[in-house]
Amino acid sequence: MLKQQILFVDDEPMVLQGLQRILRPLRGEWDMVFAESGGRALELMAGHPFDVIVSDMRMPGMNGAELLREVMRRHPTTVRMVLSGHADKDLVTQCVGVAHQYISKPCDPEQLKAMVRNACALAGKLVDDEVKRVIGAIDRLPNVPEVYVELKQALSREESDPRVLGEIIQKDPGMTAKILKLVNSAFFGLRRTINHPQEAVAYLGIDIVKTLVLSNSIFQQSQPFQTRTFGISDVWHHSMAVAAGAKAIAQAEGLDRVLQEEAFVGGILHDVGVLILASNFPDLYNRAVELVTEEHVLLPTAEQEMFGVTHAEVGAYLLGLWGLPAGILKIVSLHHRPHAFESEGMCSAMAVHAADVICGAKGGQALFESGRFNQESLERAGLAGHQDAWAAACASASEKELP
Ligand SMILES: [Fe+2]
Ligand SMILES: [Fe+2]
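Just so you know, these numbers come straight off a predicted model, no measurement behind them. (Residues numbered from 1 in each chain as written. Chains lettered and ligands numbered in written order. Predicted model: local features only at pLDDT ≥ 70, side-chain atom pairs only at ≥ 80, totals over all residues.)

Topic: the overall build of the protein chain
The number of helices and strands found in the protein chain is 21 helices and five strands. Relative to a compact globule of 403 residues, whose C-alpha radius of gyration would be 22 Å, the protein chain shows 22 Å and is just as compact. A principal-axis box enclosing the C-alpha atoms of the protein chain has dimensions of 65 × 50 × 40 Å. Here the protein chain, with 403 residues, has 46% of them falling under the buried criterion. Restricting to contacts in the protein chain with at least 6 residues of sequence separation, those with at least 24 account for 69%. (Helix = DSSP H or I, 4+ residues; strand = E, 2+ residues; numbered from the N terminus. Rg over C-alpha atoms; globule rule 2.2 N^0.38 Å. Buried ≥ 20, exposed ≤ 12 C-beta atoms within 10 Å, placed from the backbone. Contact = placed C-beta atoms within 7 Å.)

With respect to unusual backbone geometry
Of note in the backbone geometry, Glu158 takes a positive phi value of approximately 60° without being a glycine. When you line up the elements, Glu158 lands in the loop between helix H7 (146–156) and helix H8 (162–170). Owing to 6 C-beta atoms within 10 Å, Glu158 belongs among the exposed residues under this scheme. Despite not being glycine, His296 has its phi angle at roughly 55°, a positive value. Tracing the sequence through the fold places His296 in the loop between helix H15 (282–295) and helix H16 (299–307). Look at His296 and you get exposed, because 10 C-beta atoms sit within 10 Å.

Brief notes about the packing of helix H9 (residues 173–183) against helix H11 (residues 206–221)
Between two packed helices, both the angle of their axes relative to each other and the distance between the axes serve to describe the pair. Look at H9 against H11: their axes get within 10 Å of each other, and the N-to-C directions meet at 120°. It follows that H9 is oblique to H11 by the angle criterion. Viewed along their axes, H9 and H11 form a crossing whose handedness is right-handed. Two secondary-structure elements touch here, H9 through Met175, Lys178, Ile179 and Leu182 and H11 through Val209, Leu212, Val213 and Asn216. (Axes fitted to C-alpha atoms, helices over the stretch in contact; angles between N-to-C directions. Parallel < 35°, antiparallel > 145°, perpendicular 65-115°, else oblique. Left-handed = near helix turned anticlockwise from the far one by under 90°.)

What to know about H11
The end-to-end C-alpha distance of H11, which contains 16 residues, comes to 22 Å, matching closely the 22 Å that a straight helix rising 1.5 Å per residue would cover. Residues of H11 that are buried: Ile208, Val209, Lys210, Thr211, Leu212, Val213, Leu214, Ser215, Asn216, Ser217 and Ile218. Packed against the buried residues of H11 are H7, H8, H9, helix H10 (197–204), helix H13 (257–269) and helix H14 (272–280). (Expected span 1.5 Å × (residues − 1).)

A look at the sheet that holds strand S1 (residues 4–9)
Pairing is parallel in the open sheet, where five strands are placed in the order S2-S1-S3-S4-S5. The sheet terminates laterally at strand S2 (30–35) and strand S5 (101–104), the two strands that pair on one side only. Strand-to-strand twist of the sheet, defined as the mean angle between neighbouring strand axes without regard to direction, takes the value 20°. In the sheet, S1 pairs with strand S3 (residues 52–56) via four bridges, with the strands oriented parallel. If you follow Phe8 over to S3, its bridge partner there is Val54. Lying over the sheet, helix H2 (residues 38–47) contacts S1, S2 and S3, oriented at roughly 160° with respect to S1. (Pairing = 2+ DSSP bridges.)

A short note on the domain arrangement of the protein chain
When cut into domains, the protein chain gives domain 1 (4–126) and domain 2 (146–398). A C-alpha centroid distance of 30 Å is found between domain 1 and domain 2. Each partner contributes to the interface: domain 1 provides nine residues, whereas domain 2 provides eleven residues. Every element with two or more residues in the side of domain 1 that touches domain 2 is listed here: S5 and helix H5 (109–126). Per element, the largest residue contribution to the side of domain 1 that touches domain 2 is three residues, and it comes from S5. Its residues placed into classes, the side of domain 1 that touches domain 2 shows five nonpolar, four polar and no charged. (Domains from an automatic or database assignment. Nonpolar A, V, L, I, M, F, W, Y, C, P; charged D, E, K, R; others polar.)

Notes on the packing of helix H12 (residues 232–252) against H13
Following both chains from N to C, one finds H12 and H13 inclined at 160°, their axes separated by 7 Å at the closest point. Classed by the angle they form, the pair H12 and H13 counts as roughly antiparallel. Of the two elements, H12 crosses H13, and the hand of that crossing is right-handed. Along the contact surface, H12 presents Ser239, Met240, Val242, Ala243, Ala246, Lys247, Ala250 and Gln251, while H13 presents Leu259, Gln260, Ala263, Phe264, Gly266, Gly267 and Ile268. In terms of residue class, the contact of H12 with H13 is made up of nine nonpolar, five polar and one charged.

This is the structure in structure tokens:
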């Protein structure tokens, strides 16, 4: 296997030496290069491709935000990570949109190893060069919303007080209004009116609220598009229906609450790759949809033909860059490939796949006909004959309307 190329940038020699020491055991899997300034980092990158760059924030001359902005422009496929201390809050704000991940200082070596490993897995194994090529051709990928970054940072400090988390959300009034409208809709079926984001956090849990923040922002930033058979709002409705259906299936199959929530969150995000592809490459995407309607191939097959990748891989790649957990990436990247997780029986990925197929069959639109049940796969999963119960679970979940 090729070693991953990683560049660390920090103006303090002591920090670089410390990093070198704690990461020494990983020499077998990583080639690590250390640079003492942004300028030096760019020089090194000009002569040599890197999979990941991990930069300090506060540096004389070019700061971390400026460096990563330049890296984004010159080397769009390099994963960009920021190491930031508590005092760097203002600088971190500048990084929104240019950094894929944030690591807090003082950094725990295990966390750093895990995050870089994760990023490498994305840069290497999970996606191939085709995904990087397609993503690299997009000038403006959606940014991670600032509110989401702040929520993640608060959670990494083990902050769980809904009041504190609610206040972070409230800093963005537009986002707050959208979230409140959604949680008060019949879709969530809460028995009381939620007037403040802190109540939404208390009632729905932070994972769901955080995902709503993220997905709302992705939808808002995507260029509106209309293919022959569906537009951006259809993708939103489909995603929420699959989320509700996946949770209902997970519940009916007796999965625990954590997995039910994972199915819900995975359902909301499972088709974000459609948004990325359709809003950035409308002509090519329309041709993919034509292939689906005229030649009756499945959507992922048509996308593969037009782009060399599918929306599942593109979505998982983007979410991976943003540091979403491995369980969600698996759901997103494999939601059209049940044979990849059939040995696990019922699991959150199977629940999302099942809800996707069932909700899809109902919609009568090309996007959603993208999957069918593979009977052999269901048999191998020990789930043959469960479809009727799943369809009933999805039907009762989808009675609740979205705003
Ligand atoms: Fe899909
Ligand atoms: Fe779908």
